[in-house]
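If you want the building blocks of each chain, they are given just below.
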Amino acid sequence: MFSYRHAFHAGNHADVLKHMTLVAILRYMAQKDTGFSVVDTHAGAGVYRLDQEHARTSAESDAGLFRLLAALPSAGTKPSGHASEVPALVADYVSVVMGFNSGGSVRTYPGSPWIAQALLRPQDKLKLFEVHPTDARLLERHVAELGRGKQIEVLRSNGFEGWRSTLPPPTRRGLLLMDPSYELKTDYAEVLDALEEATRRFPTGTYAVWYPVIARPESHSLARKLKALGTRLQKPWVQAELNVGLNPTEGTSARVAQGRAGTVLRASGMHIINPPYTLAADLRAALPWVQQALQQKTGAGWTVETS
Ligand SMILES: C[S@@+](CC[C@H](N)C(=O)[O-])C[C@H]1O[C@@H](n2cnc3c(N)ncnc32)[C@H](O)[C@@H]1O
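My aim in this report is to walk through the structure given alongside it, one point at a time. Nothing here was measured: the structure is a model prediction, and the numbers come from that model. (Residues numbered from 1 in each chain as written. Predicted model: local features only at pLDDT ≥ 70, side-chain atom pairs only at ≥ 80, totals over all residues. Heavy atoms only, no water.)

## Quick word on the pattern of salt bridges
Between side chains of opposite charge, pairing is possible as soon as their charged atoms come close.
Here is step 1: Applying the stated criterion to the full structure yields 17 salt bridges.
Here is step 2: As a salt-bridge pair, Asp-179 and Lys-18 come within 2.6 Å of each other at their nearest N and O atoms. Highlighted residues: Asp-179 in the loop between strand E6 (174-178) and helix H8 (186-201) and Lys-18 in helix H1 (residues 13-29), separated in sequence by 161 residues.
Here is step 3: Residue class for Lys-18 comes out buried when judged on its relative accessible area of 2%.
Here is step 4: Between Arg-27 and Asp-92 there is a salt bridge, with its nearest N and O atoms 2.8 Å apart. Separated by 65 residues along the polypeptide, Arg-27 in helix H1 and Asp-92 in helix H4 (residues 88-98) bring together distant segments of the chain.
Here is step 5: Taken together, the shared-partner salt bridges connect Asp-15, Lys-18 and Asp-179 into one network. (Salt bridge = Lys/Arg side-chain N within 4 Å of Asp/Glu carboxyl O. Helix = DSSP H or I, 4+ residues; strand = E, 2+ residues; numbered from the N terminus. Buried < 20%, exposed > 50% of the residue type's maximum accessible area, 1.4 Å probe, protein only.)

What follows is the structure, encoded as structure tokens:
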């Protein structure tokens, strides 16, 4: 049985990187009228409360979203300490998150399904895979509350396999987001296998994979193999990593890598195949600002590589 619950991690630094990138991709895709499909192979519960038990237990959003929000210049004041204008990608991500919150307090955090549903147009579709019994039930309930009928479908099945029934989408426009919990060592190989097959089946689709940067060989080799896959398939790719570093004296509240109790997640990456042509430049403009907002005492950094 899986033990990973995203409610403990919602709004952490890894979510900031992942969801900022997701917003950028979806905004770009929505520039053309033709409908597109979003396939989220590892959806989680969809939307999270930041002020309730799970999120408060880990307090990971304190070191992620809340630090980012604290670094924003408040209306009418000049940014202090944190120089320069807020990059467009950061501002857009923050506006999407704040769209789920009102009255000045931030209690709700949108997971990838919620960000996607907020940015869909009537002609777009969303397919959500989730296998954890509790999170799948929550996701179904949350989606039902939206009342969007067939536009959003929840599938309680293995996203590493279920995506086959969704691609290529009828309009030949689509994004597949793969964001496993990496609880199982086999997840690393499954990501690569699924991507290889999916990009052959639907070569013009956009593919986005989140991965942890942790001290285990599978993690290091995944980042490398993702780049090699894109190059072998002759597809353009962008790979972005954000490392928030660590705070040796106070410890860190950054996300603990799932299934590896005691392993602190300091860094993570997003690998995008067939990215919007604007994505690399937008990430390069945003990540220095994000790093400065989220960095702990030592070792923070960011990279954006392209094919
Ligand atoms: C990191 S969380 C997803 C977070 C979500 N994508 C977001 O950004 O809000 C990973 C989720 O994948 C689920 N999961 C694990 N293995 C799965 C599989 N083979 N198929 C579908 N879901 C799976 C877990 O239960 C967990 O809820």
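## Observations regarding the nonpolar core
Nonpolar side chains in soluble globular proteins tend to end up buried together.
Here is step 1: Judged by nonpolar contacts, the single largest core of 90 residues is most densely connected at Met-20, Leu-68, Tyr-93, Leu-283 and Val-290.
Here is step 2: Take this core: its biggest share by element is 10 residues, from H1.
Here is step 3: What Leu-68 contacts, discounting residues up to four positions off in sequence, is Val-16, Val-90, Tyr-93, Val-94, Trp-289, Val-290, Ala-293 and Leu-294. (Core = buried A, V, L, I, M, F, W, Y, C linked by side-chain atoms within 4.5 Å. Contact = heavy atoms within 4.5 Å.)

## Brief notes about helix H10 (residues 279-294)
Here is step 1: The first and last C-alpha atoms of H10 sit 21 Å apart over 16 residues, in line with the 22 Å expected at 1.5 Å per residue.
Here is step 2: Residue Ala-286 marks the point of greatest curvature in H10, where the axis turns by about 30°; the proline Pro-288 follows within four residues.
Here is step 3: Within H10, burial applies to Leu-279, Ala-280, Leu-283, Ala-286, Leu-287, Trp-289, Val-290, Gln-291, Ala-293 and Leu-294.
Here is step 4: Its buried side turned inward, H10 meets H1, helix H3 (65-70), H4, strand E8 (237-243), strand E9 (267-273) and strand E10 (301-306). (Expected span 1.5 Å × (residues − 1). Bend = angle between axes of the 7 residues up to and from the residue.)

## Quick notes on the sheet that holds E10
Here is step 1: Taken in spatial order, the eight strands line up as E5-E4-E1-E6-E7-E9-E8-E10 in an open sheet, and their pairing is mixed. The strands lining the two open edges of the sheet, one partner per strand, are strand E5 (152-155) and E10. Here the strands of the sheet are splayed against their neighbours by 10° on average, with no regard to which way each runs.
Here is step 2: With seven bridges connecting them, strand E7 (residues 206-213) and E9 associate as antiparallel partners. Counterpart to Pro-212 in the pairing with E9 is Ser-268. (Pairing = 2+ DSSP bridges. Axes fitted to C-alpha atoms, helices over the stretch in contact; angles between N-to-C directions.)

## As for the site of the ligand
Here is step 1: With respect to spatial proximity, 22 residues lie near the ligand, and among them His-19, His-42, Ser-112, Glu-130 and Asp-179 are the closest.
Here is step 2: Ser-112 is positioned with one of its backbone polar atoms (N or O) 2.8 Å from an oxygen atom of the ligand.
Here is step 3: For the ligand, a nitrogen atom lies 2.8 Å from a polar atom in the side chain of Asp-179.
Here is step 4: Within the complex, 98% of the 600 Å² of free accessible area of the ligand lies under protein.
Here is step 5: For the shell around the ligand, the secondary-structure elements that each account for two or more residues are H1 and helix H7 (159-162). (Near = heavy atom within 4 Å. Polar contact = N/O pair within 3.5 Å; in protein donor to acceptor, adjacent residues only side chain to side chain. Areas by Shrake-Rupley, 256 points an atom, 1.4 Å probe, with all protein chains shown as cover.)

## Some details on the side chain of Thr-206
Here is step 1: Position of Thr-206 among the secondary structure elements: in strand E7.
Here is step 2: Polar contacts involving the side chain of Thr-206 include one to the main-chain carbonyl oxygen of Asn-274, which spans 2.9 Å.

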